[in-house]
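One-letter residues, chain by chain:
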Amino acid sequence: MSRSSPFRSVLRRAGFPAVALISMAFFGYYAVLGPNGALTHPEVRQQLETRQAEYAKLDRQRAELKNRVDLLDPKGADPDLVDELARKKLNVARPDEIIVPLD
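Residues numbered from 1 in each chain as written. Predicted model: local features only at pLDDT ≥ 70, side-chain atom pairs only at ≥ 80, totals over all residues. Heavy atoms only, no water.

Got a sec to walk through helix 1 (residues 6-33)? Specific residues and values, please.
Given a rise of 1.5 Å per residue, 28 residues ought to cover 40 Å, and the 38 Å separating the end C-alpha atoms of helix 1 matches this to within 8%. Considering bend angle alone, the principal kink of helix 1 is centred on Ala 14 and spans about 45 degrees; proline Pro 17 follows within four residues of it. (Helix = DSSP H or I, 4+ residues; strand = E, 2+ residues; numbered from the N terminus. Expected span 1.5 Å × (residues − 1). Bend = angle between axes of the 7 residues up to and from the residue.)

An account of the side chain of Thr 40 is requested, with residue identities and associated values reported.
In this structure, Thr 40 sits in the loop between helix 1 and helix 2 (41-71). Here Thr 40 is in contact with Gly 34 and Pro 35, once residues within four sequence places are set aside. (Contact = heavy atoms within 4.5 Å.)

Can you tell me about the pattern of salt bridges, naming the residues and giving the values?
Evaluation of the coordinates by the stated rule reveals two salt bridges. With a shortest N-O distance of 2.3 Å, Asp 59 and Arg 62 are connected by a salt bridge. Residue Asp 59 and its partner Arg 62 are both found in helix 2; the two are separated by three residues, about one turn of the helix. Among the ionic pairs, Asp 70 bridges to Lys 66, the shortest N-O distance being 3.1 Å. With Asp 70 and Lys 66 both in helix 2 and four residues apart, the pair spans about one turn of that helix. (Salt bridge = Lys/Arg side-chain N within 4 Å of Asp/Glu carboxyl O.)

Structure (structure tokens):
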């Protein structure tokens with residue numbers, strides 16, 4: 001007749017609840033205080049707003065560059081833009097010209 005020790009009987013009765021309680025405590029801690037937890041919500045929101053502002057700025061710059069590329073299309077380039085770019089690159093201007101930068 002095999003009798004189990006008192007330690008094994010306690011472990012058998014309390015083992016699963018103890019493991020469940022420890023895992024719930026770990027995940028609860030992680031959900032509240034972890035790097036993506038509930039307490040970091042304001043910081044994450046601030047980062048999101050910052051990134052959205054950066055994205056909007058980059059989107060505007062991309063639209064400006066796309067417009068300049070479209071104006072330099074070889075099939076129908078804008079003469080004013082071509083003249084402006086040529087003068088900038090070659091550093092050429094007549095003495096009686098007045099250059100007004102638009103930037």
